[in-house]
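Working through the structure, step by step
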Amino acid sequence: MNGFRVRTVTPIDDQEFERWMAAIGDFEPNPRIVVGVSGGADSMALCVLLDRWARARHGAVSALTVDHGLRSEAKAEAAFVAQELAKRGVSHAVLAWEGLKPHTGLQAAAREARYRLMIEKCRVEEIFHLAVAHHQEDQAETVLLRLGRGSGVDGLAGMASVRNLGFVRLIRPLLSVARGRLAETCRAAGIPWCEDPSNRSPAYARARMRFPETLSALSAIGVTSFGLAESAARAAAARAVLDDQTTALLAGVALYPEGYAFWPSESVEVWRRAPEEIRARALGRCLRTIGGGAYPPRRE
């Protein structure tokens, strides 16, 4: 057709999704998985795909929706999710973020509260896997935001497909999947969804990156979500190598409950010979372990 190839957007089939789940790692027999479901096409598609995957293994999926108490529509959206999932035999619960809300950093605080509430629910229910529907465009936006902040390899690696959060394993099976395929998966399964208007609010940096003019400007210079996600995957591979070298450097270090680390004298020369990047990562890991911080200290 005039030399152009028409690219069709296809729904995700069970065999394809099974490969992505296999890449996540092993699961126990009769797996139980909690899915964070906001009601958008992304999370609704993930819930249905995971439900079919788990049922085929004699397991079960349950869904959680967090009401942050920030929008009047949230209760109706949670009720919509419960109604749609009940049609498919998926259990659903709503968790409320209660208490005072901060005036600044609201999105970050809401995200922290969302994960805290879902992880606690998993702990109470003794479910070890929490799935979220981050996809290719989410990964690309994460990389762009971190690039703007001058992040190094760790930041540019973006979100990991698997992350251990204490009792719970956070999994993201859809990081390589374009958003359009998730909407098409919902259409193919006859699943409606709802949209959160804050996803289009100019008040938030992520939303501004989704504006047509932003996407057009990025596309004009060859920056695509696929390319950014591929860069994240390569940075993640480099991060894994650095992490292995850091672990090797820390092999002789002793940690004490009083709150300090000790390098034995025989390890000092090994430390001196190690590249500066590995030494900095090792020191940062020790400080984070002793101090209990959620993130390593800033390099400066």
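Up top is the structure these notes are about.
These figures come from a predicted structure and were not determined experimentally.

About the thresholds
Residues numbered from 1 in each chain as written. Predicted model: local features only at pLDDT ≥ 70, side-chain atom pairs only at ≥ 80, totals over all residues. Heavy atoms only, no water. Helix = DSSP H or I, 4+ residues; strand = E, 2+ residues; numbered from the N terminus. Buried < 20%, exposed > 50% of the residue type's maximum accessible area, 1.4 Å probe, protein only. Lys, Arg positive; Asp, Glu negative; His and termini not counted. Salt bridge = Lys/Arg side-chain N within 4 Å of Asp/Glu carboxyl O. Polar contact = N/O pair within 3.5 Å; in protein donor to acceptor, adjacent residues only side chain to side chain. Pairing = 2+ DSSP bridges. Axes fitted to C-alpha atoms, helices over the stretch in contact; angles between N-to-C directions. Phe/Tyr/Trp six-rings, centres within 6.5 Å; stacked < 30°, edge-to-face > 60°. Lys NZ or Arg CZ within 6 Å of the ring centre and 35° of its normal.

**Some details on the side chain of Glu-137**
By the secondary structure assignment, Glu-137 is in helix 5 (residues 136-148). One buried charged side chain, Glu-137, makes no salt bridge at all; its nearest oppositely charged neighbour is Arg-179, positioned 4.5 Å away. Within polar-contact distance, the side chain of Glu-137 engages the backbone nitrogen of Arg-179 at 2.9 Å.

**Here's the deal with the pairing of strand 5 (residues 162-165)**
Bridge count between strand 5 and strand 6 (residues 168-171): 4 bridges; the pairing is antiparallel. Looking across to strand 6, one finds that Arg-163 is bridged to Leu-170. The turn joining strand 5 and strand 6, which pair antiparallel and follow one another in sequence, is formed by 2 residues; a positive phi near 70° is taken by Gly-166.

**Focus: the sheet that holds strand 3 (residues 91-96)**
The 6 strands lie next to each other as 3-2-1-4-6-5, forming an open sheet whose pairing is mixed. Because the sheet does not close on itself, it has two edges, and the strands there are strand 3 and strand 5. Averaged over neighbouring strand pairs, the angle between their axes works out to 25° when direction is ignored.

**Here's the deal with the pattern of salt bridges**
Per the stated rule, a full pass over the model turns up 19 salt bridges. Lys-75 is the salt-bridge partner of Asp-67, the closest N and O atoms lying 3.5 Å from each other. The buried category is assigned to Asp-67, whose relative accessible area is 9%. Glu-269 is paired through a salt bridge with Arg-272; the nearest N and O atoms lie 3.7 Å apart. On the criterion of helical spacing, the pair formed by Glu-269 and Arg-272 is a turn pair, its members being 3 residues apart in helix 11 (residues 265-273).

**Some points on the packing of aromatic side chains**
What describes a pair of aromatic rings is the distance from one ring centre to the other and the angle between the planes of the rings. All chains considered together, the criterion is met by 5 aromatic pairs. Considering the side-chain rings of Phe-27 and Trp-53, the 5.1 Å spacing of their centres and the 65° angle between planes classify their relative orientation as edge-to-face. Of this pair, Phe-27 sits in the loop between helix 1 (14-24) and strand 1 (32-36) while Trp-53 sits in helix 2 (residues 41-55); the two residues are 26 residues apart in sequence, bridging distant segments of the chain. You can call Phe-27 buried: its relative accessible area is 19%. Ring geometry for Phe-128 versus Phe-167: centroids 5.1 Å apart, planes at 55°, classification tilted. With Phe-128 in the loop between helix 4 (106-125) and strand 4 (129-131) and Phe-167 in the loop between strand 5 and strand 6, the pair connects residues that are 39 residues apart, well separated along the chain. Under the relative-accessibility criterion, Phe-128 is labelled partly exposed at 39%. Taking NZ or CZ as reference, Lys-101 lies 4.9 Å from the ring centre of Trp-97, over its face. The ring of Phe-27 carries Arg-169 above its face, with NZ or CZ at 4.6 Å from the centroid.

Everything listed is a geometric property; what it means functionally is a separate question.
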